[in-house]
Amino acid sequence: MTSDPGAFATYYPTLLRYAAVAVALAVLMYGVYRLLRWLGVKREAATGVTLVLPWVVGFLAFVLFPIVLSFYLSFTEYNVLWDSPRSLEDPLFNYKRALSIKVVELEEGQRPLQVLGVLESPSPDTVRFRELDRIRWGGKTYLVGATDPYFLKAIWLTLRYAVFNIPLGLVGALCVALLLNQKVKGVGFWRTLYYVPAVLPAAAVALLWFWIFGPTSGLINSLLKPVYSLLDMQPLGWFTDKDLVLPSFVIMGLWGVFGANTVILLAGLKNIPTELYEAAAIDGAGTGTKFRHITIPMLSPALFYNLVTGTIATLQLFTQQAFIPTKREDGWFVNWFVYNEAFNFGHMGYASALGWMLTLMIVVLTLFIFRSSSAWVFYEGTRRDAGGG
C-alpha cells in the first residue's frame, strides 16, 4: 500500500515548471530591453515593449499558434491517440464528411445502410451514410442520410437554442433594465442582486441548474410533486428527456443574461436625455409612444452590442454542456461536439474542420447582424452630422 505523497510532492513538478517559465520570461525581457537600448531606443519606449512582451509571447503561443495549427490539421487525418498528421488525397475530405447528405428511396425489404452506401474516401476508414430522417411523400418512403448525422443534429440544436435564447435574453434584460431604471427606494440593492449571475462561475451555475432540474430529487420536480400526483404522471426528465433538453438549456441560459446585459442596457437608459421625454409629453405622447419612438431608437446601440455578443456566446456554448451530460443521440451543442471529437474520440483533424465550420457560421451571422444594423440602429452623432447640425 503506497502512502500519500502529500500535496507539495504532487504539485512540486508543476510549480517547478511555472518557476522555470517565469525565469525564462524574465531573461527574455531583460535581453530584449538591453537589445532595444543598444539599438538606440529611448528608455520609455524600451520599457513599454519589454513589459508587453509576456502578453505577446502568450498570444503567439496560446492563441495564434493553435489557430494556425488547427487550420492546417483540418486538411489532414490526425488521431491524437496513436498517429501523426497525415495528408489527405482530398484536402477537403473532412469538410465533405461533416456536411455530406444523400436522399434515396427506400423500398420494402431494403436496409437503410445498404441503400445509403458509403462516401468515397481517401481515408482507410470506411465512412458510411447513416439515417438522419425519413420522409413519406406520395406513398413512397425516402431516406435522408448523412455521413455524420450527429454533427447535423448538433448544428440544429445549437441554432434552435440561439433562436430562443437570444430574443428572450434581450427582451428579458430590457424589461429588467426598465424596472431598475425606476426611482424607487432600495433600487441599488436590486441592481446588485440582478448582477450576481454575471459574476458567478459558469461551472457552478451549471451544477446548480443540474441539481434544480434533477429528475428524482431536483428542486423543481420536488415542488411539482403534488401536481404530478394529481395528474397521475411521472416526473419530468428535463435534461434526460430528449424533448426537454432544449427547453431546459434555454431556461438555464436566461439566468446569465440578466447580469451584464442588464447593466449595459441600464447604462444606455441613463444616457437618454430626459428632455426628449419631456418634449414628447408636451406633444401628448403616451408611455407606449415614448417607448417606441424614444427609448428603443436611443437604446438601439446597446441592443445591437448585446445582440452581437449574445449571438457569439450562444453559438459557442460549452461549459453548461460539459457539466450537464446529455445523450449524443438527443443532440450535443456544436462546441461540445467538437471537443469530444478531438479529445475523447481522438479525431483531431476532423474536429479542427468542425471548429472552422463553427467559426465560419459565427462570422456569417455576425456580418449579417452588422449589415442589418444600418436599418435599425440609431447613432445620435452620426445622424446629427448627416443633417449638418
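Just so it is clear, the model here is predicted, and its values are computed rather than measured.

What counts as what
- Residues numbered from 1 in each chain as written.
- Predicted model: local features only at pLDDT ≥ 70, side-chain atom pairs only at ≥ 80, totals over all residues.
- Heavy atoms only, no water.
- Helix = DSSP H or I, 4+ residues; strand = E, 2+ residues; numbered from the N terminus.
- Rg over C-alpha atoms; globule rule 2.2 N^0.38 Å.
- Buried < 20%, exposed > 50% of the residue type's maximum accessible area, 1.4 Å probe, protein only.
- Contact = heavy atoms within 4.5 Å.
- Areas by Shrake-Rupley, 256 points an atom, 1.4 Å probe, with all protein chains shown as cover.
- Lys, Arg positive; Asp, Glu negative; His and termini not counted.
- Charge placed at Lys NZ, Arg CZ, Asp CG, Glu CD.
- Salt bridge = Lys/Arg side-chain N within 4 Å of Asp/Glu carboxyl O.
- Expected span 1.5 Å × (residues − 1).
- Bend = angle between axes of the 7 residues up to and from the residue.
- Pairing = 2+ DSSP bridges.
- Axes fitted to C-alpha atoms, helices over the stretch in contact; angles between N-to-C directions.

We now examine the overall build of the protein. Within the protein, the secondary structure is distributed over 17 helices and seven strands. Taking 21 Å as the expected radius of gyration for a compact globule of 389 residues, we find that the protein reaches 28 Å, considerably beyond that expectation. Counting over 389 residues, the protein shows a buried share of 33%. Partitioning the intrachain contacts of the protein with sequence separation of at least 6 by distance along the chain shows that 61% fall at a separation of at least 24. Within the structure as shown, the protein displays about 24,200 Å² of accessible surface, and the carbon and sulfur contribution to it stands at 66%. Each charge sign in the protein was given a centre, from 30 positive and 25 negative side chains, and these centres are 8 Å apart.

This brings us to the pattern of salt bridges. On inspection of all chains with the given rule, the structure shows three salt bridges. The residue Glu77 makes a salt bridge to Arg86 at a minimum N-O spacing of 3.3 Å. Overall, the relative accessible area of 18% leaves Glu77 in the buried class. According to the relative accessible area criterion, Arg86 is partly exposed, its value standing at 33%.

With that out of the way, let us pick up helix H2 (residues 43-73). Relative to the 45 Å expected for 31 residues at 1.5 Å per residue, H2 spans 43 Å between its end C-alpha atoms, a close match to the ideal helical length. By the largest-angle criterion, Leu53 marks the main kink of H2, which is about 40°, and a proline, Pro54, follows within four residues. Within H2, the full set of buried residues consists of Ala46, Thr50, Leu53, Ser70 and Leu73.

The subject of this paragraph is the sheet that holds strand E7 (residues 140-146). Strand order in the open sheet formed by three strands is E3-E7-E6, and the pairing between neighbours is antiparallel. Only two strands of the sheet have a single partner each, and these edge strands are strand E3 (101-106) and strand E6 (130-137). The mean inter-strand angle of the sheet, taken between neighbouring strand axes irrespective of direction, is 25°. Note that E6 and E7 share seven bridges and pair antiparallel. Bridging across to E7, Arg134 finds its partner in Leu143.

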